Amino acid sequence: MAISNGTNGVDLVRLPVNGDSQNKQPNAELAINLLSAVHATSTILPGTADYERARASYWTREQVRATPACFFQPRTAAEVSVALIILQLTHCPFAVKSGGHGKFHGESSITDGITIDLAKLDHIRVNKSRTSVEIGPGNRWGDVYTALEPLGLTVVGGRAKTVGVGGFILGGGISFCSNLYGWALDNIQSYEVVLANGTIVNASKDSHEDLYKALRGGGGNFGIVTSFTVEAHPYYGMWGGPLGWDVSQGEPVMAAFLDCGRRAPEDPKAAFILGLSKYDGKWCWVGWLSYFDAVPEPRIFQETLAVPSVYSAIKLQDQTQMVQQMAEGYPYHAENTLWVACTKIDAHILRFWAETWMTEMDRLADVKGFKAQVAIQYITSNVIDRMSRNGGNGLGLAGRGPFLMFNAEPIWDDTSDNARVFSALQTVFHRTKLEAERVGQDHPYIYLNYASQYQDAFGGLNAETKNFHGQVSGKYDPEGIFQSLRGAGFKLKGAVENQHALT
């Protein structure tokens, strides 16, 4: 094995991808030595302030606990390429981190392996015609909106400023403006992606079309994306914010939520996230209303605003303010989790969910710092229709909607309570899915970005889509590096952790 670190960088020809020994044991120490030899300033070692800063940048306490052998923070796609080849030579497991907003240890973190931290790939470049933006995966959405808002532009991105660009887009990407433009993955013009063999390609509807389709919903299973070229849209301001109702107002609130979703084709600027939360020991309904224009109290929300509320922070505000406000509900370094399920649009299922949610969460009243938070979203026909653009995406959902998406997102204080919380969530979702199946209202889709480690994130896709993912993986990653050596994140088959461990 030989490495050149001259002015032309690494001599990839002299780095045999399959190694030059029969030793297949993971060797993180050798990987670190090689990375340090060729890209010393990008290799962040334990025992340094930069290492601890990188660990602290994760959102959840679970991921902060991970202790990788080192962080590698590439500044170019070429550096990512070198890292992938070295990791294969040394058989060293790795994780890939964009913004680090995953929920559990092992989503974008790893212990003992090496974390490729894309934080330095933070470019934001608007093209001359102002129709697209190149965005690096190291950005968080607050950074992106701050750069674009003064230009009168925006993109389909995250709703909390702290969410990272990379995982959000690769998993789907639900936005304030998704009823207008679809999910983030349906607004990508091209990807710069590093394949398992170190090759850097651009995937678009005109080049590597199969990879382009698979990346739109396939997560981190096909390569490491180092730049997204995203469609730009005009920005005129926003109206919205949180609204709260007494729990006794459930029927009119649920009716208003369902009506708003059904009417999305009439006014796609509107979006409504419904919640059912417990504050100071008292249950209340919560809504997050948003309108993607500077129009106060738009007509589509008349029914919603007519329900007597107990709290409102709705106002005209910029998107940068809106994403800051939403991020405040998701504090850093708490114990938390996400869990997701989908059903067809059905008022009975919505009521069943609410009753089951309150019953099971009330059993956790003694859990220190516990906040029972849930986001219920109406995935509208507008969104589903956009999924057929550019040859279709990698979700296989075209013609399979609209549907409801239930996303539990509780937070609490102590690790010792994790098993109890996870078990209660498993009960809520299991009972809801059984009821939905009983009344013929189930929907199998599992949204990757909200899936827990105990859920098979790709298990709800149809057989044709699963086969397509397998074919693309075999073509672009024939050695299965992103299914085996990648030691973090959702793979194409199975859950990250065994759900039976909860019982």
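The structure reproduced in this document is the subject of the present report. (Residues numbered from 1 in each chain as written. Predicted model: local features only at pLDDT ≥ 70, side-chain atom pairs only at ≥ 80, totals over all residues. Heavy atoms only, no water.)

1. A word on the overall build of the protein
Part 1 of the argument: Of the regular secondary structure elements, the protein holds 15 helices and 22 strands.
Part 2 of the argument: By principal-axis analysis of the C-alpha atoms, the protein measures approximately 70 × 55 × 45 Å.
Part 3 of the argument: Looking at the protein as a whole, 59% of its 503 residues are labelled buried.
Part 4 of the argument: Long-range contacts, defined here as pairs at least 24 residues apart, represent 75% of the contacts in the protein between residues at least 6 apart.
Part 5 of the argument: Of the roughly 19200 Å² of accessible surface on the protein, 50% is carried by carbon and sulfur atoms.
Part 6 of the argument: Within the protein, the 50 negative side-chain charges are centred at a point lying 1 Å from the centre of the 43 positive side-chain charges. (Helix = DSSP H or I, 4+ residues; strand = E, 2+ residues; numbered from the N terminus. Buried < 20%, exposed > 50% of the residue type's maximum accessible area, 1.4 Å probe, protein only. Contact = heavy atoms within 4.5 Å. Areas by Shrake-Rupley, 256 points an atom, 1.4 Å probe, with all protein chains shown as cover. Lys, Arg positive; Asp, Glu negative; His and termini not counted. Charge placed at Lys NZ, Arg CZ, Asp CG, Glu CD.)

2. Here's the deal with the packing of helix H1 (residues 28–38) against helix H4 (residues 77–89)
Helix-helix packing: each pair is described by the crossing angle between the helix axes and the interaxial distance.
Part 1 of the argument: Interaxial distance between H1 and H4 falls to 9 Å at its minimum, and their mutual angle equals 150 degrees. It follows that H1 is roughly antiparallel to H4 by the angle criterion. Note that H1 runs across H4; the crossing there is right-handed. Seen from H1, the contacting residues are Ala 31, Leu 34, Leu 35 and Val 38; seen from H4, they are Val 82, Ala 83, Ile 86 and Leu 87. (Axes fitted to C-alpha atoms, helices over the stretch in contact; angles between N-to-C directions. Parallel < 35°, antiparallel > 145°, perpendicular 65-115°, else oblique. Left-handed = near helix turned anticlockwise from the far one by under 90°.)

3. A short note on the pairing of strand S14 (residues 282–291)
Along a regular strand, successive side chains alternate from one face of the sheet to the other.
Part 1 of the argument: When you tally the buried positions in S14, you get 8 out of 10 residues, the bulk of the element.
Part 2 of the argument: Where strand S13 (residues 270–279) meets S14, 10 bridges bridge the pair, whose relative direction is antiparallel. Following the sheet pairing, Ser 277 is matched in S14 by Cys 284. (Pairing = 2+ DSSP bridges.)

4. Side note on H4
Part 1 of the argument: Taking 1.5 Å per residue, 13 residues should reach 18 Å; H4 reaches 19 Å between its end C-alpha atoms and fits that length.
Part 2 of the argument: The buried fraction of H4 amounts to 12 of the 13 residues, a majority that puts the element mostly inside the structure.
Part 3 of the argument: Within the sequence span of H4, burial applies to Ala 77, Glu 79, Val 80, Ser 81, Val 82, Ala 83, Leu 84, Ile 85, Ile 86, Leu 87, Gln 88 and Leu 89.
Part 4 of the argument: His 91 lies just past H4 and shows a positive phi near 55 degrees. (Expected span 1.5 Å × (residues − 1).)

5. Side note on the packing of aromatic side chains
Part 1 of the argument: On inspection of all chains with the given rule, the structure shows 24 aromatic pairs.
Part 2 of the argument: Ring centres of Tyr 191 and Tyr 212 lie 6.0 Å apart, and the angle between their planes is 65 degrees; on these two criteria the pair is classed as edge-to-face. With Tyr 191 in strand S8 (residues 188–194) and Tyr 212 in helix H8 (residues 209–215), this residue pair connects regions lying 21 residues apart in the sequence.
Part 3 of the argument: A residue is classified by how much of its surface remains accessible, and Tyr 191, at 0% relative accessible area, is buried.
Part 4 of the argument: A relative accessible area of 1% means that Tyr 212 is categorised as buried. (Phe/Tyr/Trp six-rings, centres within 6.5 Å; stacked < 30°, edge-to-face > 60°.)

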